[in-house]
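Structural features, examined
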Amino acid sequence: MSDAFRDRIDIALTVNGEPVEARVPAGRHLVDFLRLDLGLTGSHAGCEHGVCGACTVKVDGEAVRGCLMLAAQADGAEVWTLEGLTQSGVIRDLQDAFVARNALQCGYCTPGMLTSIEELLNRGGVPERAEIREHLSGNYCRCTGYEAIVDAVESVARARAEKGAA
Amino acid sequence: MKALAGGYAQARDLRHALDLLGQADGMGRVLAGGQSLIAAMNMRLTSGDLLVDISRIAELRGVALDGGWLRIGALTRHAEIGRDALIARHAPLLTRAVGHIAHSAIRNRGTIGGSLAHADPAAEFPACVLALEAVLHLDGPDGRRDVAAEDFFLGVFETAIEEGEILTGISVPVAQDGERHVLREAARRSGDYALAGLCLLRRTAGHRLAAFGVGPCPILARGAMEKLDHGDIDGAVAALSGEIDPPGDTQASAAYRRHLAGVLLRRALSDLEGEQS
Ligand SMILES: Cc1cc2nc3c(=O)[nH]c(=O)nc-3n(C[C@H](O)[C@H](O)[C@H](O)COP(=O)(O)OP(=O)(O)OC[C@H]3O[C@@H](n4cnc5c(N)ncnc54)[C@H](O)[C@@H]3O)c2cc1C
């Protein structure tokens, strides 16, 4: 093998605002890196082929599949996981709405769900229910039947829009 | 299961990427958005690849207008295509396709070049570029070459890209005044690959119709196009049915997909009429 290719890669990135340096195996995906190497178990490794959405994390401002990005590719990136989003308080209202509306039961999908919703809410405005459903089409929930989740998103979008207008 | 990569290297620019592929001795594998490749690696459908990560090569990303052509870099992401004003104006078919491709988080990383190189028979972009008569640009050890969309897709996951070559971008002829583009597909859940789908264009010169999910690669339905040019809708539906070769699998039988293709053609035509009024 040509020595241009490495089977362990040195990376430096920020995770939830903190600088992190690590050496990762070439094939390790971002969610395993976050969970196994950094102990950030908020993001879940579900289907590991991009279908279920439980691994959704924020990379350089966008929601992405943590299982479909290599840790090696996160060199220089700014990564936010549910732990960081929770601590920073940016989705406090959304998390409260999830509890108030029973938008979670087992909680497995919730971190990915919240991360995807954060992206939608950041666009501003009050999305139609169909648009909320469409945006969440890549996040599977096997408990709630989605109705309560859509309710929660809608109520937070309304509240934020009113607050912005006031 | 977990991915097993043979190695990883991040390419600084196109030259570097081609050099890396050259050094990989046949084991090289281009990594773009990773939205198909890393899924396949996680499932161990492929392992031991020497990954050449091209995802940060800025020169391969973006959209520009160049005379009568829209030039789209291979690394332009689905989400970027979906919100690009030049594309909405000059190749609205691509804008429409994006809403059908996977889900938001996947569209944030997946690239149009990756989608074309991957050549899933049910993918939207391959059929779009076929309908649009786009030209695909390749660069490789023997230099650059252009391949017409019609000559690019060879079979299931098979394209004209040779060992050591990289798809750098595509050129799409800009839509003429009055040209109409519609895309229709049927999928069981939003974001799934289509059971069957159609890209339909109406140009002054005539119709263009490309079908996806109904054969080993996207199909240009010439017989149906001719019937449409003569205003013969029933004839076009019948012709289309003869031109496609749909697979039967756990998602849908071949007969059902064939039926869907006809239904979708009628719907696409009524979309065209609706657009004009
Ligand atoms: C859950 C899920 C649902 C999806 N649904 C759809 C859908 O409905 N429709 C659809 O079209 N797609 C769908 N996709 C696939 C998605 O669109 C991918 O982004 C796309 O197929 C591959 O693009 P990529 O940039 O991610 O390529 P990668 O995954 O990085 O690469 C894919 C293949 O192409 C090769 N390659 C990539 N770029 C180049 C290049 N520039 N030159 C040469 N070779 C290259 C790679 O070596 C690899 O073999 C889905 C994916 C997932 C995970």
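Residues numbered from 1 in each chain as written. Chains lettered and ligands numbered in written order. Predicted model: local features only at pLDDT ≥ 70, side-chain atom pairs only at ≥ 80, totals over all residues. Heavy atoms only, no water.

Topic: empty space enclosed by the protein
Rules: Residues are called lining when one of their atoms sits within 4 Å of a cavity or pocket point, these points coming from a 1 Å grid over the protein atoms alone, where a cavity is a set in which a 1.4 Å probe fits but cannot get out and a pocket is an open set with protein on both sides within 12 Å along at least five of seven lines. Grid points are joined across faces, edges and corners, and a volume is the space filled by probe spheres set on the points. Each helix is a run of H or I in the DSSP string that is no shorter than four residues. Each strand is a run of E no shorter than two, and both are numbered from the N terminus.
Under the definition given, this model contains two cavities of 30 Å³ or more. Here the largest cavity is characterised by a volume of approximately 50 Å³. In this structure, the largest cavity is lined by A:Ala63, A:Arg65, A:Ser116, A:Glu119, A:His135, A:Gly138, A:Asn139, B:His103, B:Ser104 and B:Ala105. Every element with two or more residues in the lining of the largest cavity is listed here: β4 (62-65) and α4 (110-122) of chain A together with α6 (104-107) of chain B.

Here's the deal with unusual backbone geometry
Most peptide bonds take the trans configuration, and most residues that are not glycine carry a negative phi. Residues and elements named next belong to chain A. In plain terms, the rule: We call a residue buried when its accessible area falls under 20% of the maximum for its residue type, exposed when it is over 50%, and partly exposed in between, using a 1.4 Å probe and counting protein chains only.
Positive phi, normally seen in glycine, also occurs at Asn 102, with a value near 55°. Tracing the sequence through the fold places Asn 102 in the loop between α3 (92-100) and α4. Judged by relative accessible area, Asn 102 falls into the exposed class, the value being 58%. The phi dihedral of Tyr 146 is positive, around 75°, even though this residue is not glycine. Within the secondary structure, Tyr 146 sits in the loop between α5 (129-135) and α6 (147-165).

Structural notes on the domain arrangement of chain B
Which entries qualify depends on this criterion: Throughout the structure description, domain borders are defined by an automatic or database domain assignment.
Annotation of chain B at the domain level lists domain 1 (5-53), domain 2 (60-173) and domain 3 (180-276). Just the C-alpha atoms count here: the centres of domain 1 of chain B and domain 3 of chain B sit 35 Å apart.

Looking at the layout of surface pockets
So the rule is basically this: Gly falls in the polar group here, along with every residue not listed as nonpolar (Ala, Val, Leu, Ile, Met, Phe, Trp, Tyr, Cys, Pro) or charged (Asp, Glu, Lys, Arg).
Its volume calculated, the second largest pocket comes out at about 280 Å³. As for the second largest pocket, its lining consists of 14 residues, of which A:Arg123, A:His135, B:Val98, B:Ser104 and B:Arg107 are closest to the centre. If you list the elements that add at least two residues to the lining of the second largest pocket, you get α5 of chain A together with α3 (78-83), α5 (92-98) and α6 of chain B. For the lining of the second largest pocket, a count of residues per class yields three nonpolar, six polar and five charged.

Notes on the environment of A:Ala12
Residue and element names in this part refer to chain A. In plain terms, the rule: Contacts are assigned to residue pairs that have any heavy atoms within 4.5 Å of one another.
Here Ala 12 shows up in strand β1 (residues 8-15). Of the residues examined, Ala 12 reaches a relative accessible area of 37% and is grouped as partly exposed. With 63 residues separating them in the primary sequence, Ala 12 and Asp 75 have C-alpha atoms 5.3 Å apart. Ignoring any residue separated from it by four or fewer positions in sequence, one finds Ala 12 in contact with Val 20, Glu 21, Ala 74, Asp 75, Gly 76 and Ala 77.

Side note on the packing of aromatic side chains
All names here are of chain B. Spelled out, the test is: Pairing of aromatic side chains here covers Phe, Tyr and the six-membered ring of Trp, requires ring centres within 6.5 Å, and sorts the geometry by plane angle: under 30 degrees stacked, over 60 edge-to-face, intermediate tilted.
For the coordinates displayed, the defined rule picks out one aromatic pair over all chains. Geometrically, the ring pair formed by Phe 152 and Phe 153 is edge-to-face, given 5.0 Å between the ring centres and 85° between the ring planes. Residue class for Phe 152 comes out buried when judged on its relative accessible area of 0%.

A short note on the environment of A:Thr110
All names here are of chain A. Of note, Thr 110 is situated in helix α4. Sequence-wise, Thr 110 and Gly 53 are 57 residues apart; in three dimensions their C-alpha atoms are separated by 9.7 Å. Ignoring sequence-local partners within four residues, the contact set of Thr 110 consists of Phe 98 and Leu 104.

Focus: the interface of chain A and chain B
Applied cut-off: Buried area adds together the accessible area that both of two parts lose upon being put together, with accessible area traced by a 1.4 Å probe. What counts as a salt bridge is simple: a side-chain nitrogen of Lys or Arg found within 4 Å of a carboxyl oxygen of Asp or Glu.
Between chain A and chain B, the contact holds 33 residues from the first and 37 residues from the second. Between chain A and chain B lies a buried interface of about 2800 Å² when both sides are counted; carbon and sulfur atoms form 51% of it. Of all residues in chain A, the largest losses of buried area upon contact with chain B belong to A:Phe5, A:Leu68 and A:Gln73, amounting jointly to 25% of the total for that side. Applying the counting criterion to the chain A and chain B interface returns three salt bridges. For the side of chain A that touches chain B, the secondary-structure elements that each account for two or more residues are β4 and α5 of chain A.

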